[in-house]
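For reference, the chains in residue letters:
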Amino acid sequence: MLYFSKLRIFTILIASLFFLFFTLSNFTKLDDSFFNKKINLGLDLQGGSYLLLEIDNEPIITKELQNKITFLKTYFKDKNINIFNLKIYNQNSIRFETDETNVELIKDIFFDKEEPVNPFYEKYKSHQFDLENQNNIFTITLSKYGIIELKNSSLDQAIEIVRRRIDEVGTNEPNILKRGNDRILVELPGLDDPMRIKNLLGKTANLTFRFVSKSTEAEFGTDLMEFEDGSESPVYINKRIILSGENLLDAQPRVDSQTNETVVTFSLDRVGAKRFGKATISGVGKRFAIILDDKIISAPVIQEAIVDGSGQITGGFTFQSATDLALLLRSGALPAPMNIIEERTVGPGLGKDSIKAGVLALIIGFSLVIAFMIFKYKIFGLIANTALIFNLFFLVGILTLFEATLTLPGIAGIILTVGMAVDANVLIFERIKEEKAHEKNQLIAFDSGYTKSRTAILDANITTFIAAIILFFLGSGPIKGFSITLGVGILTTLFSVYFIARLLTSLYIVRNKDKEIKI
Amino acid sequence: MKNIQFNKYYKLFTLISSGLAIISILLLIFKGLNFGIDFKGGTLIELRAIDKQINISSLRSSFSKMNLGDVAIKNFGEDYDFLIKFEKKGPEKDLIQNIKKDLNASIGSGYEIRRVENVGPKVSAELLKGGLIAIAVSLGAMLFYIWIRFEWQFSIGAILALFHDVLITMGIFSLIGLEVNLSIVAAILTIVGYSMNDTVVIFDRVRENLKKHIDLKIFDLTNLSINETLSRTIITSVTTLLALLSIFLFGGEILKGFSFAMILGVILGTYSSIFIANPILVNLKVNYKTIVKEEN
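Conventions adopted
- The numbering scheme is per chain: residues are counted from 1 as the chain's sequence reads.
- Following the order in which they are written, the chains are lettered starting with A and the ligands numbered starting with 1.
- A pLDDT threshold of at least 70 governs which residues receive local features in this predicted model, and a stricter bar of 80 or more applies before side-chain atom pairs are shown or counted, although totals over entire chains, interfaces and linings include all residues.
- Secondary structure elements follow DSSP: runs of H or I no shorter than four residues count as helices, runs of E no shorter than two count as strands, and numbering proceeds from the N terminus.
- When we talk radius of gyration, it's over C-alpha atoms, and the globule rule is simply 2.2 Å times the number of residues to the 0.38.
- Partly exposed residues are those falling between the two cut-offs: more than 12 but fewer than 20 other C-beta atoms within 10 Å of their own, whereas 20 or more means buried and 12 or fewer means exposed, with C-beta atoms placed from the backbone.
- Throughout, a pair of residues is in contact if the C-beta atoms placed from their backbones lie within 7 Å.
- Any residue that is not Ala, Val, Leu, Ile, Met, Phe, Trp, Tyr, Cys, Pro, Asp, Glu, Lys or Arg is counted as polar, Gly included; the first ten are nonpolar and the last four charged.
- Here a strand pair is declared whenever DSSP counts at least two bridges between the two strands.
- The source of the domain bounds is an automatic or database domain assignment.
- The predictor rates its confidence in each residue with pLDDT, a number between 0 and 100.
- Fitting a line to C-alpha atoms yields each axis, with helices limited to the stretch in contact; the angle taken between N-to-C directions then spans 0 to 180 degrees.
- In this description, a nonpolar core means buried residues of the types Ala, Val, Leu, Ile, Met, Phe, Trp, Tyr and Cys, linked to one another by C-beta atoms lying within 7 Å.
- Working definition: roughly parallel below 35 degrees, roughly antiparallel above 145 degrees, roughly perpendicular at 65 to 115 degrees, and oblique for all remaining angles.
- The handedness criterion is simple: a crossing whose near helix is rotated anticlockwise from the far helix by less than a right angle is left-handed, and one whose near helix is rotated clockwise is right-handed.

**Student:** Just give me the short version of the overall build of chain B, but keep the residues and values in it.
**Tutor:** What chain B contains, in helices and strands, is 11 helices and six strands. Taking 19 Å as the expected radius of gyration for a compact globule of 296 residues, we find that chain B reaches 24 Å, considerably beyond that expectation. Principal axes of the C-alpha set define a box for chain B whose edges measure 80 × 35 × 30 Å. Residues classed as buried in chain B amount to 47% of the 296 residues present. Taking all contacts inside chain B whose residues are at least 6 apart in sequence as the whole, residues at least 24 apart take part in 78%.

**Student:** Could you give an account of the interface of chain B and chain A, with specific residues and numbers?
**Tutor:** Each side of the interface is counted separately: chain B has 58 residues, and chain A has 58 residues. Contributing elements (two or more residues each) for the side of chain B that touches chain A: helix H4 (95-107), strand S5 (111-119), helix H5 (121-149), helix H7 (182-212), helix H9 (230-250) and helix H10 (256-283) of chain B. Grouping the constituent residues of the side of chain B that touches chain A by class yields 30 nonpolar, 17 polar and 11 charged. Judged from the five bridges that link them, strand S20 (residues 338-346) of chain A and S5(B) form a sheet pairing that is antiparallel. Residue pairing in the sheet places Val346(A) in a bridge with Arg115(B) of S5(B).

**Student:** Summarise the domain arrangement of chain B; cite the residues concerned and give the values.
**Tutor:** Segmenting chain B into domains produces domain 1 (6-36 + 123-295) and domain 2 (42-119). Taking the mean C-alpha position of each, domain 1 of chain B and domain 2 of chain B sit 40 Å from one another.

**Student:** An account of the pairing of strand S8 (residues 137-142) of chain A is needed here, citing residue identities and associated values.
**Tutor:** All names here are of chain A. Here S8 shows a clear split, with Phe138, Ile140 and Leu142 buried on one side and none of Ile137, Thr139 and Thr141 buried on the other. Here strand S4 (residues 93-98) runs beside S8; their pairing, made up of five bridges, is antiparallel. When the bridges of S8 are listed, serine 93 appears paired with threonine 141. From the end of strand S7 (residues 129-134) to the start of S8, which pair antiparallel, there are two residues, and asparagine 135 there has a positive phi angle of about 55°.

**Student:** Lay out the confidence of the model for chain B in plain terms, naming residues and giving numbers.
**Tutor:** With 97% of its residues at a pLDDT of 70 or more, chain B shows a mean pLDDT of 92. Across the predicted assembly, pTM comes out at 0.88 and ipTM at 0.92.

**Student:** Talk me through the environment of Ala205(A); I want residue IDs and the actual numbers.
**Tutor:** Residues and elements named next belong to chain A. Tracing the sequence through the fold places alanine 205 in the loop between helix H6 (195-202) and strand S11 (207-211). Spatially, the C-alpha atoms of alanine 205 and isoleucine 291 are 9.5 Å apart, while their sequence positions differ by 86 residues. Once you skip the residues sitting within four places of it in the chain, alanine 205 turns out to touch Gly245, Leu292, Asp293, Leu328, Leu329, Ala333 and Leu334.

**Student:** Lay out the sheet that holds S7(A) in plain terms, naming residues and giving numbers.
**Tutor:** Two orientations exist for strands paired in a sheet by backbone hydrogen bonds: parallel and antiparallel. Residue and element names in this part refer to chain A. In spatial order, the strands read S3-S4-S8-S7; together these four strands make up an open sheet with antiparallel pairing. Each edge of the open sheet carries a strand with a single partner, namely strand S3 (83-89) and S7. Recorded for the sheet is a direction-independent mean angle of 20° between the axes of neighbouring strands. As paired elements, S3 and S4 share five bridges and run antiparallel to each other. Opposite isoleucine 88, over in S4, you have isoleucine 94 as the bridge partner. Each of S3, S4 and S8 is contacted by helix H3 (residues 58-78), which is oriented at about 175° to S3, the strand it contacts most.

**Student:** How would you sum up unusual backbone geometry? Please name residues and give values.
**Tutor:** All names here are of chain A. Here asparagine 80, not a glycine, exhibits a phi torsion of approximately 60°, which is positive. Considering the arrangement of structural elements, one finds asparagine 80 in the loop between H3 and S3. We note that lysine 125 has phi near 55°; this positive angle belongs to a residue other than glycine. Positionally, lysine 125 belongs in the loop between strand S5 (120-121) and strand S6 (126-127). On the neighbour-count criterion, lysine 125 (8 C-beta atoms within 10 Å) is exposed.

**Student:** Go over the nonpolar core, please, and point to the residues and values.
**Tutor:** Ile415(A) and Leu471(A) are the most contacted members of the largest nonpolar core, which has 187 residues in total. Sorting elements by how many residues they give to this core places H7(B) first, with 17 residues. Aside from chain neighbours lying at most four places away, what touches Ile415(A) is Ala361(A), Leu362(A), Gly365(A), Ala243(B), Ser246(B) and Ile247(B). Residues Ile45(B), Leu59(B), Leu103(B) and Val116(B) belong to the second largest nonpolar core, which totals 16 residues.

**Student:** Give a detailed account of the sheet that holds strand S3 (residues 71-76) of chain B, specifying residues and quantitative values.
**Tutor:** Strand order in the open sheet formed by eight strands is S9(A)-S10(A)-S2(A)-S20(A)-S5(B)-S2(B)-S4(B)-S3(B), and the pairing between neighbours is antiparallel. Bordering the open sheet on either side are strand S9 (175-179) of chain A together with S3 of chain B, each of which pairs with just one other strand. Looking at each pair of strands side by side, their axes are set apart by 20° on average, direction ignored. Bridging between strand S2 (residues 42-49) of chain B and strand S4 (residues 78-86) of chain B involves six bridges; their strand directions are antiparallel. Residue pairing for S4(B): Leu44(B) is matched across the bridge by Lys85(B). Together, strand S2 (48-55), S9, strand S10 (183-189) and S20 of chain A form the strand contacts of helix H5 (residues 144-169) of chain A, whose direction differs from that of S9(A) by roughly 165°. Sheet strands in contact with H5(B) are S2 and S20 of chain A together with S5 of chain B, and its direction is about 65° off that of S20(A).

**Student:** Tell me what's going on with the pairing of strand S12 (residues 222-227) of chain A, and back it up with residues and numbers.
**Tutor:** Residues and elements named next belong to chain A. In this sheet, strand S13 (residues 235-238) lies alongside S12 in antiparallel orientation, the contact comprising four bridges. Each residue of the ladder has a partner; that of threonine 222, found in S13, is asparagine 238. Bridge count between S12 and strand S18 (residues 295-298): two bridges; the pairing is parallel. Pairing of phenylalanine 227 across the sheet is with isoleucine 296, part of S18.

**Student:** Help me get a handle on the packing of helix H10 (residues 379-401) of chain A against helix H11 (residues 408-438) of chain A, residues and values and all.
**Tutor:** All names here are of chain A. As a packed pair, H10 and H11 sit with axes 10 Å apart at the nearest point and diverge in direction by 140°. Accordingly, the angle class assigned to the pair H10 and H11 is oblique. Between H10 and H11 the crossing geometry is right-handed. Contact with H10, carried on its side by Phe380, Ala384, Ala387, Leu388, Asn391 and Leu395, involves Ile414, Thr417, Val418, Ala421, Val422, Asn425 and Phe429 of H11 and no other residues of that element. Across the contact of H10 with H11, the residue classes tally to 10 nonpolar, three polar and no charged.

Here it is in structure tokens:
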């Protein structure tokens with residue numbers, strides 16, 4: 001156990017320098033990106049905001065069913081198959097009836113992989129809808145994978161819109177990730193007041209232009225809607241949509257030079273410009289409403305036909321609110337409303353204090369352990385301490401190499417590693433003491449001390465390592481940071497004990513082999 | 001090597017530990033745990049007063065007017081730091097902004113909001129479930145590990161020692177009413193690892209001694225093994241505790257609960273390795289044949 005070849009010593013040396021280099025890389029600035037890596041600080045250390053958003057998929061499912069109904073109507077009409085009483089049933093299903101003679105035919109159509117009625121998803125080996133029938137009454141329900149597919153596609157759309165909105169605000173290195181099939185995780189480092197982003201993400205931003213109904217009572221084809229700023233009492237709005245946000249090419253905040261009011265100017269695509277032109281030509285003198293997420297922003301009277309496909313929205317905006325509205329319009333509407341279901345925001349002041357406290361605790365804990373080891377083992381304490389210092393370099397070096405994220409619990413994990421790392425050396429030293437008691441040749445005593453303590457050391461470290469791995473897979477956020485430092489710490493501990501400390505021990509006893517070595 | 005008659009106290013400490021375990025179970029059933037917002041849902045605000053006029057009673061009176069339900073306010077480390085917690089049902093997008101507005105009106109703007117956490121009911125339920133699963137899986141994994149490394153008698157000893165440590169730590173948390181949050185789950189898992197580690201080292205020695213001293217009764221053999229590994233047990237506990245104490249004292253308020261749980265766990269883990277795990281080997285009449293049978 002105690003013999004080291006020159007090659008091995010050399011390898012250990014190179015490895016140590018390698019990790020030492022990466023540890024120091026945290027404190028330097030080099031141009032080369034490969035060699036200048038840094039540990040990422042978690043949001044709890046650098047300050048920032050963590051938001052978990054959940055898409056409310058119910059409207060999407062309803063919309064999908066409505067589309068399906070329209071589709072089925074025309075499809076069966078074209079095929080000359082008579083179906084009736086077609087309607088949404090419960091929340092996830094559609095029900096319809098047919099003549100007895102068509103029952104088998106409809107079944108065949110619904111289970112045909114080529115038919116567009118019930119798309120077949122090759123990757124799930126499943127149709128979009130499950131079909132059930134009681135005699136001539138059919139119920140089609142979104143299958144498990146039909147719902148998953150729907151959710152995934154709305155999540156894909158939503159994450160794109162979220163990314164656009166956040167990019168437009170221009171925060172520092174945002175991190176936007178999917179979580180499951182209806183959640184989006186947003187990490188915004190350095191942002192201590194996520195108010196504006198929360199407001200922007202909380203809006204679906206569904207824009208429509210519709211005519212204001214002349215009537216003051218509920219009528220077929222109208223909705224009663226409120227004004228966003230409450231400046232007027234609610235009015236009835238025609239259901240028919242003149243224009244929607246999809247027709248928008250651009251939107252910008254401006255200060256109107258004549259009225260000195262802040263407005264949002266917009267320009268429409270060709271289809272939009274045509275439709276808007278047509279509507280305004282026939283509608284001079286009428287009122288139309290600009291509606292965002294079921295609230296009226298403004299309802300101007302059409303003064304003249306607008307055919308160039310551009311216009312402006314007034315609505316008593318401040319420059320900030322005009323900027324945000326323009327941003328929402330540019331980035332597009334979310335497929336469904338989203339809710340913020342978890343938020344964690346740490347201000348930069350607390351982050352800095354946490355780093356300070358963590359580093360202080362590390363220095364004190366480290367010093368106490370080092371002092372204790374020297375007190376307990378003298379020269380061998382020194383050896384264990386040297387291994388401990390190398391261990392820290394290895395640990396920080398590896399975290400840097402993989403650009404891991406360091407959190408406050410992560411720092412706690414490093415400190416805990418310092419406390420537990422000496423255990424392996426203690427096990428070895430105590431075993432050597434025992435071996436020396438009945439073995440006269442101290443070289444053999446040292447050697448068997450190392451050999452006989454090995455299983456205990458492995459067992460002891462594997463148990464902690466198991467705990468760290470489970471934490472890594474099941475823990476969240478900062479806790480993950482703890483599991484990383486704890487787990488990596490165990491590996492570096494074993495390395496530093498079996499290579500650094502053992503090498504130093506071997507050098508020491510070979511040099512002093514003729515003297516009595518006390519441990 | 002020291003020679004302390006640990007085995008004379010096996011019965012006594014088994015009794016004490018059983019008592020503590022039962023009390024802990026009763027506490028957990030009847031008093032329960034003080035779950036933080038991670039597991040209960042709600043909002044937490046850490047606020048630092050810059051204006052010296054702001055104190056806990058002025059904060060209480062201004063928060064009580066905000067219609068937030070049950071608001072708990074306490075000092076957090078320093079005199080000028082406060083932790084405000086409440087369970088606001090239902091999402092409210094402008095919650096923090098409204099609170100700021102109300103605070104500015106009642107106590108002025110001489111404060112800084114240092115941290116905001118808001119956990120919805122769905123997320124908190126998931127986090128609680130995740131935490132319980134993590135603890136269960138870790139206990140299961142330890143059981144599996146020790147089952148492949150040792151004989152079943154040893155597994156029972158080690159697992160009972162683990163349960164003992166986790167149970168009593170939680171019992172103490174319930175008794176003092178300390179907050180249980182995500183970091184406490186991390187602490188429990190680490191305690192599980194540490195307690196196991198400590199037990200395994202002694203068990204390794206027991207197994208070695210079973211082969212070496214065939215004629216020695218398990219009652220004395222466990223005592224010999226404990227004594228042989230005693231200095232290691234103590235030194236490792238001391239260095240680990242030194243590290244944990246420095247986290248507890250200097251690592252800031254956020255890590256207090258975590259390091260406290262760990263300190264309890266390390267002390268209990270060290271104790272249980274000696275006084276829970278070993279008496280079980282004695283009770284299960286482990287002898288030379290137990291391990292030879294396995295190896296043939």
